[in-house]
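# Summary of the model geometry
Here are the chains, one letter per residue:
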Amino acid sequence: MIASGTESEDEDVQEYLVPPGSTATIACELEQGQERRELSWMKDGQTMIFENPSKAEHVVNGLKHYLVIHDTQPNDSGLYSVCIANTEFRVAHLAVDNMTTSLMGLKRKRISNSSLN
């Protein structure tokens, strides 16, 4: 599962459903010139600390930042966002449920310069 961030607080955050035990990947792509911005991942408004890379990790590839959650469990469900320059951008709501399958073909959005000001 790959999801990407919303630019506006007015937009509804898409909910993504994944089965327990799967790997969920949430993506955020910055615009050119923003690669030096500090970016942190948040879950339900709390900054995430990556102490166990076998459970969750922050992967950077150029302008793309990925939150990879391994072996998803119901307690991984929540609202995931990124914090850039003290501004929180909602990315995805993840729900881990036995009755679901991963959704594919998800829409990508960019975080624009104007939304960082």
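Structural data are supplied above this passage.
These figures come from a predicted structure and were not determined experimentally. (Residues numbered from 1 in each chain as written. Predicted model: local features only at pLDDT ≥ 70, side-chain atom pairs only at ≥ 80, totals over all residues. Heavy atoms only, no water.)

## Section: the nonpolar core
- Counting residues in each nonpolar core, the largest one holds 20 residues, and the members touching the most others are Ile26, Leu39, Trp41, Leu67, Tyr80, Val82 and Leu94.
- For this core, the secondary structure elements donating two or more residues are strand E2 (15-18), strand E3 (24-30), strand E4 (39-43), strand E7 (64-69), strand E8 (78-84) and strand E9 (87-96).
- In terms of residue count, E9 provides more of this core than any other element does, 5 residues in total. (Core = buried A, V, L, I, M, F, W, Y, C linked by side-chain atoms within 4.5 Å. Buried < 20%, exposed > 50% of the residue type's maximum accessible area, 1.4 Å probe, protein only. Helix = DSSP H or I, 4+ residues; strand = E, 2+ residues; numbered from the N terminus.)

## Some points on the layout of surface pockets
- Empty space within the largest pocket amounts to approximately 180 Å³.
- Lys43, Met48, Ile49, Phe50, Glu51, Asn52, Lys55, Ala56, Ile69, Asp76 and Tyr80 together form the lining of the largest pocket.
- For the lining of the largest pocket, the class distribution of residues is 6 nonpolar, 1 polar and 4 charged. (1 Å grid on protein atoms, 1.4 Å probe; cavity = no way out; pocket = protein on both sides within 12 Å on 5 of 7 lines; lining within 4 Å. Points joined across faces, edges and corners; volume = space filled by probe spheres on them. Nonpolar A, V, L, I, M, F, W, Y, C, P; charged D, E, K, R; others polar.)

## A closer look at the pairing of E3
- Of all 7 residues in E3, 7 are buried; the element is thus mostly enclosed.
- Where burial is concerned, the two faces of E3 agree: the one with Ala24, Ile26, Cys28 and Leu30 and the one with Thr25, Ala27 and Glu29 are both buried.
- The sheet contact formed by E3 and E7 spans 6 bridges and is antiparallel. Among the inter-strand pairings, Ile26 is bridged to a residue of E7, identified as Leu67. (Pairing = 2+ DSSP bridges.)

## Some thoughts on the pattern of salt bridges
- This model, assessed by the stated rule, comprises 1 salt bridge.
- Residue Lys55 is joined to Asp76 by a salt bridge in which the shortest nitrogen-to-oxygen separation is 2.6 Å. Taken together, the positions of Lys55 in the loop between strand E5 (46-47) and strand E6 (56-61) and Asp76 in the loop between E7 and E8 put the pair 21 residues apart, joining distant regions of the chain.
- A residue is classified by how much of its surface remains accessible, and Asp76, at 9% relative accessible area, is buried. (Salt bridge = Lys/Arg side-chain N within 4 Å of Asp/Glu carboxyl O.)

## Re the sheet that holds E4
- Read from one edge to the other, the open sheet built from 5 strands follows the order E2-E9-E8-E4-E5, with strand pairing classed as mixed. What marks the edges here is a single partner per strand, and that holds for E2 and E5.
- Summarising the sheet, E2 and E9 pair through 4 bridges and their orientation is parallel. Bridged to Glu15 within E9 is His93.

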